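The lines below spell out each chain.
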Amino acid sequence: MSSTHFWFRSGTYSLLAHLDAVSGRAPLGLVIVPPFGWEEVCAYRPLRFMAQRFAELGIPTLRYDLPSAGDSSGDPRDPGLFDAWVQSVGDAVETLRAGTAVDDVAVL
């Protein structure tokens, strides 16, 4: 299993992503959308372990930081932030598809 860390664009934001995958083609991928605020800090490690476990089972998994959260660009007081978060989910799905060529993507 390998972990790749990179940035992808979502609207005007640059989002930090972590892709855990094994070599070979998989029919299904998973995007893990993190919580925000203190819950994001508390959930970081369990979500990382979960992503690694899914990857070991042959399911490429993408985790990312929401716009204006974690190591992604933006400010928590940005206007329209909720809409940016919603858009980021779709952009993360497309990023996973482009990076792994999976057919279907589940979102957690």
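Right above here is the structure, for reference.
Fair warning: this is a prediction, and the values are worked out from it, not measured in the lab. (Residues numbered from 1 in each chain as written. Predicted model: local features only at pLDDT ≥ 70, side-chain atom pairs only at ≥ 80, totals over all residues. Heavy atoms only, no water.)

Enquirer: Would you mind going over the side chain of Ser-88 with me for this structure?
Expert: Residue position: Ser-88 is located in helix H2 (residues 81–100). Once you skip the residues sitting within four places of it in the chain, Ser-88 turns out to touch Ser-10, Leu-15, Tyr-64, Leu-66 and Pro-67. (Helix = DSSP H or I, 4+ residues; strand = E, 2+ residues; numbered from the N terminus. Contact = heavy atoms within 4.5 Å.)

Enquirer: Explain the environment of Thr-100 here, please?
Expert: Examined against the element boundaries, Thr-100 turns out to sit in helix H2. Owing to a relative accessible area of 16%, Thr-100 belongs among the buried residues under this scheme. For Thr-100 and Ala-26, which are 74 residues apart along the polypeptide, the C-alpha to C-alpha distance reads 7.8 Å. When neighbours within four sequence positions are excluded, Thr-100 is seen to be in contact with Leu-19, Arg-25 and Pro-60. Within the local environment of Thr-100, its side chain forms a polar contact with the backbone oxygen of Leu-96, the two atoms lying 2.7 Å apart. (Buried < 20%, exposed > 50% of the residue type's maximum accessible area, 1.4 Å probe, protein only. Polar contact = N/O pair within 3.5 Å; in protein donor to acceptor, adjacent residues only side chain to side chain.)

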